[in-house]
Amino acid sequence: MIRDRRLSLGLTLASVSARVGCAKSYLSQLETGARQTAPKPEMLRAIEAALGWPAGRLDAAAAWARTPDEVRQRVMESRRAVRELRTLFAAGGSGAMPGVLDRLHSTGELRRLVERMDPDADAGPQFAGELQPVALPREVPLINRVTAGYPTEFTDLGYPARVADEYVRVPELSDPDAFAARVIGDSMFPDYREGDVVVFSPAKPVTSGSDCFARLEPDHETTFKRIYFEQDEAGGELIRLQPLNAEYPPTVLPRAGVAGLYRAVSVVRSIGEM
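In this text the structure is predicted, and so the values were computed from the model without any measurement.

Draft legend 1. Quick look at the overall build of the protein. Of the regular secondary structure elements, the protein holds eight helices and ten strands. When the accessible surface of the protein is totalled, it reaches about 16,200 Å², and 52% of it is carbon and sulfur.

Next up, the structure:
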């Protein structure tokens, strides 16, 4: 995409890399696929700006590329059917929609188009004409492990948001920024066990008593704990990181010592571990 866009604009590698603020060799590796590590979000935004794309264009393309082939085929078929409907209505002229619909229905063309838009819809007498969306599990990036014991150094392996080498599918989750981490340690036992994959949603509000992925200052270490909002004697805000396993002591930090809290929303566990 980057190469085709650059060439269509008549730009050289040198001119685009200068706009982006990166080495020409780096941009060339992105275009050829030689670079295995995806660019960071700020680099993607700079490339989009240099090529005249809206922010998020490359993220959207990457998400579309990860979409299963059968889903992509169904979406493309629906788009083609919608374009055909628009063409037919336009050909009927202003105010002719009822006549166009009657003609499409009598010839069976309307039923064919509806079946192309939603192959599973019942097009018989009981069909109410409302197309139901297909509920698909969201693929959530499994970014790393999170210790359920003591804080450990956080690394997302240089991936931008929503990108990873491994994903877990989570039904009924709409947050595009959700992520998952595999638990190590036993401080959150018995609710969570080592090896569990916990899904976290930045969109969910965090309240006292929530189980959270916590990023700690100053080194962005992370830990997985039940958190409580408290105050010190002077009224300053504190956050207590409480293990569920009584063998581990809690940790109390000033609010400024916690860089981020992300609420747990679901757990993926192997049947053999239940």
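Draft legend 2. Local environment of unusual backbone geometry. Omega for the bond connecting Phe189 with Pro190 falls within 30 degrees of zero, at 15°, which places this linkage in the cis form. Topologically, Pro190 is positioned in the loop between strand S4 (179-184) and strand S5 (197-201).

Draft legend 3. Expanded view of the pattern of salt bridges. All chains considered together, the criterion is met by nine salt bridges. Among the salt bridges present, the one from Asp191 reaches Arg226, with a minimum N-O distance of 3.4 Å. With Asp191 in the loop between S4 and S5 and Arg226 in strand S7 (residues 221-231), the pair connects residues that are 35 residues apart, well separated along the chain. Salt-bridge contacts for Arg226 lead to Asp211; the nearest nitrogen and oxygen are separated by 2.6 Å. Placement of the pair is Arg226 in strand S7 and Asp211 in strand S6 (residues 211-216), with a sequence separation of 15 residues.

Draft legend 4. Region of interest: the packing of helix H2 (residues 13-20) against helix H4 (residues 41-50). Running from N to C, H2 and H4 cross one another at 125°; their axes reach a closest spacing of 9 Å. In this view, H2 runs oblique relative to H4, as classed from their interaxial angle. In this structure, H2 crosses over H4, and the sense of that crossing is right-handed. Within the contact between the two elements, H2 uses Val16, Arg19 and Val20 and H4 uses Met43, Ala46, Ile47 and Ala50. Tallied by class, residues from the contact of H2 with H4 come to six nonpolar, no polar and one charged.

Draft legend 5. Focus on the packing of aromatic side chains. Taken as a whole and assessed by the stated rule, the structure comprises seven aromatic pairs. Relative to Phe200, the ring of Phe179 lies with its centre 5.5 Å away and its plane at 25°, an arrangement referred to as stacked. Within this pair, whereas Phe179 is found in strand S4, its partner Phe200 is found in strand S5, the two being separated by 21 residues in sequence. Judged by its relative accessible area of 11%, Phe179 is buried. Taking 5.4 Å as the distance between ring centres and 65° as the angle between the ring planes, the aromatic pair formed by Phe200 and Phe213 counts as edge-to-face. Here Phe213 lies in strand S6 and Phe200 lies in strand S5, a separation of 13 residues in the sequence. Taken as a pair, Phe200 and Phe213 share a single burial class, namely buried. Members of the aromatic cluster, each reached through a chain of ring pairs, are Phe179, Tyr192, Phe200, Phe213, Phe224 and Tyr262.

Draft legend 6. Region of the structure containing the side chain of Glu31. In this structure, Glu31 sits in helix H3 (residues 24-32). A polar contact of 2.7 Å, which involves the side chain of Glu31, links it to the side chain of Arg6. The contacts of Glu31, once residues within four sequence positions are left out, are Ile2, Arg3, Arg6 and Leu13.

What counts as what
- Residues numbered from 1 in each chain as written.
- Predicted model: local features only at pLDDT ≥ 70, side-chain atom pairs only at ≥ 80, totals over all residues.
- Heavy atoms only, no water.
- Helix = DSSP H or I, 4+ residues; strand = E, 2+ residues; numbered from the N terminus.
- Areas by Shrake-Rupley, 256 points an atom, 1.4 Å probe, with all protein chains shown as cover.
- Salt bridge = Lys/Arg side-chain N within 4 Å of Asp/Glu carboxyl O.
- Axes fitted to C-alpha atoms, helices over the stretch in contact; angles between N-to-C directions.
- Parallel < 35°, antiparallel > 145°, perpendicular 65-115°, else oblique.
- Left-handed = near helix turned anticlockwise from the far one by under 90°.
- Contact = heavy atoms within 4.5 Å.
- Nonpolar A, V, L, I, M, F, W, Y, C, P; charged D, E, K, R; others polar.
- Phe/Tyr/Trp six-rings, centres within 6.5 Å; stacked < 30°, edge-to-face > 60°.
- Buried < 20%, exposed > 50% of the residue type's maximum accessible area, 1.4 Å probe, protein only.
- Polar contact = N/O pair within 3.5 Å; in protein donor to acceptor, adjacent residues only side chain to side chain.

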